[in-house]
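Reading the structure
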Amino acid sequence: MDKTQRIELLRSGEIGTALRTLAIPAATAMMVNAIYNVVDTAFIGMLNDTAAIGAAAILFPIFMLIGAIGLTFGMGSASLISRQLGEQNTEGAIRTASTAFYSTLIIGISFAVFGNIYIEEILILFGATDTILDRAVLYGRIIIGGSFFQILNMCMNNLLRAEGAARYSSVALITGGVLNIIFDPIFMFVLDFGLAGAALATISAQMVSTLYLLYYFLSDRGVLKIRLRDFSPRLGLYRDIMTIGLPTFFRQVLTSIAMGMFNNAAAAYGDPAVAAIGIVMRVVSLLMMAIFGIGQGLQPLAGYNFGARQFSRVIDATKKALTWSTVFAGCMAAVFFIFARWIVLAFSQDPEVLSLGVRAFRFLSTTMVFVGSQVVFSTLFQALGKGRQAGVLAVARQGLFFIPLVLILPRLWGLNGVFLAQPVADILAFIVTAVLAAVEMAELKKIRETREVKE
């Protein structure tokens with residue numbers, strides 16, 4: 001599909017077809033991305049070292065924080081770009097893309113440098129115990145040192161999706177994921193680098209994805225281009241990007257902090273509890289990445305048509321994305337609940353890790369069905385440039401609800417309280433989402449009806 005066909009798909013393609021075309025590659029790519037995180041944990045488990053699994057668990061929220069930097073500029077600029085393309089403002093879209101790219105490049109290099117300087121303090125903050133710290137430092141120096149690849153990839157993938165180039169973006173993500181899976185056994189066992197090999201495999205795969213994405217922007221394959229002369233670090237442009245990007249940043253940062261607190265709460269019950277939480281959260285990320293993929297399919301479709309004042313298409317696309325994400329989340333929850341024991345066994349043979357992992361899976365799966373609506377409406381608000389509503393949903397699940405709950409519930413019910421914190425937070429966040437969603441959908445319908453009367 002060339003760039004003209006992609007824009008036509010956003011403008012007038014059948015809603016179900018357009019959403020599938022945009023969402024399936026994104027969901028597939030994000031699931032592959034999550035799978036390589038899971039496979040990474042499985043290979044680390046082959047080292048037969050619970051502390052090594054714990055080290056990977058500690059780095060996982062930091063890895064998400066790294067991605068949050070790229071997502072902040074990527075999601076913020078993608079929302080603006082989609083609306084600019086809907087308004088036929090191509091030059092403005094190119095300027096936004098170039099500014100987002102060069103900004104993330106500068107920030108990414110800075111993060112890699114300062115992250116390595118303060119590596120031990122960061123790891124302790126995220127829950128590293130004395131027995132885990134040495135391994136986590138080894139793993140973390142490499143991951144954080146190459147973090148600018150991850151940051152650039154997160155930004156560029158969202159820029160591509162903004163113009164409907166979901167397939168190319170997905171190929172980049174899938175390529176990185178597959179290469180990571182191939183590189184893991186080579187670096188870890190053939191070259192005998194052990195835990196450091198897992199980190200080297202991740203960074204090497206991400207570097208390949210970065211080069212692949214850069215090729216797209218430096219060629220004439222799409223509407224968007226990245227040009228130094230279009231780098232425009234103006235306060236007004238940053239304000240427009242950050243209005244939508246900051247909710248994404250807060251969500252990712254709060255998720256990272258929440259995972260760190262999850263690890264800290266579990267650490268009181270020993271390394272097996274930390275390892276169990278790490279396994280469960282990586283597998284559950286498969287569900288989240290797939291649903292985020294559906295949301296990323298919705299974002300350019302809703303943003304473009306909102307900019308083009310085609311409100312019926314925005315409403316129809318939102319309803320379809322909500323249905324797909326809710327059904328998928330329900331099916332995955334059932335799989336996690338029923339097959340929890342076999343899933344955990346794929347990562348650890350430790351009886352204590354197995355017992356705790358199964359229990360954690362079954363607690364978390366009870367409310368997974370509510371996650372889809374949160375992702376869809378958070379994405380919708382970002383696509384429409386509704387920064388306030390997007391910000392509320394960004395902080396609700398992990399910040400407003402989970403963080404207080406993970407501090408309170410363990411005091412009441414011990415380790416079960418740790419496992420209960422996320423399900424209770426999901427229920428409360430769903431209530432907030434339902435209220436904001438009802439108001440927004442009513443407003444969109446009212447605008448649509450007013451427009452139809454005028455015509």
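In short, a report on the structure. (Residues numbered from 1 in each chain as written. Predicted model: local features only at pLDDT ≥ 70, side-chain atom pairs only at ≥ 80, totals over all residues. Heavy atoms only, no water.)

1. Observations concerning the side chain of Q374
Following the sequence through the fold, Q374 ends up in helix α15 (residues 371–383). Separated by 3.2 Å, the side chain of Q374 and the backbone oxygen of F370 make a polar contact. Ignoring any residue separated from it by four or fewer positions in sequence, one finds Q374 in contact with L393, R397, D426, A429, F430 and T433. (Helix = DSSP H or I, 4+ residues; strand = E, 2+ residues; numbered from the N terminus. Polar contact = N/O pair within 3.5 Å; in protein donor to acceptor, adjacent residues only side chain to side chain. Contact = heavy atoms within 4.5 Å.)

2. Topic: the pattern of salt bridges
Applying the stated criterion to the full structure yields six salt bridges. Notably, a salt bridge pairs E91 with R227, separated by 3.9 Å at the nearest N-O pair. Highlighted residues: E91 in helix α4 (residues 90–117) and R227 in the loop between α9 (195–218) and α10 (235–267), separated in sequence by 136 residues. With a shortest N-O distance of 3.6 Å, E443 and K386 are connected by a salt bridge. Taken together, the residues E443 in helix α17 (residues 415–454) and K386 in the loop between α15 and α16 (387–413) connect sequence positions 57 residues apart. Through salt bridges with shared partners, one network takes in E91, R227 and D230. (Salt bridge = Lys/Arg side-chain N within 4 Å of Asp/Glu carboxyl O.)

3. Describing the packing of aromatic side chains
On inspection of all chains with the given rule, the structure shows 17 aromatic pairs. Ring centres of F187 and F193 lie 6.5 Å apart, and the angle between their planes is 25 degrees; this geometry places the pair in the stacked category. Given a relative accessible area of 17%, F187 falls into the buried group. The exposure class of F193 is partly exposed, given its relative accessible area of 40%. A network of ring pairs unites the aromatic residues Y168, Y212, Y216 and F217 as a single cluster. We note R362 situated over the ring of F337; from NZ or CZ to the ring centre the distance is 5.5 Å. (Phe/Tyr/Trp six-rings, centres within 6.5 Å; stacked < 30°, edge-to-face > 60°. Buried < 20%, exposed > 50% of the residue type's maximum accessible area, 1.4 Å probe, protein only. Lys NZ or Arg CZ within 6 Å of the ring centre and 35° of its normal.)

4. Observations regarding the nonpolar core
One finds I44, L123, Y139, V284, F336, F361 and F402 to be the most contacted residues of the largest nonpolar core, which totals 87 residues. Non-local contacts of L123, meaning those with residues more than four positions away in its chain, are made with I58, L59, I62, A128, L133, A136 and V137. Listed in part, the 59 residues of the second largest apolar core include L10, A18, A23 and L85. (Core = buried A, V, L, I, M, F, W, Y, C linked by side-chain atoms within 4.5 Å.)

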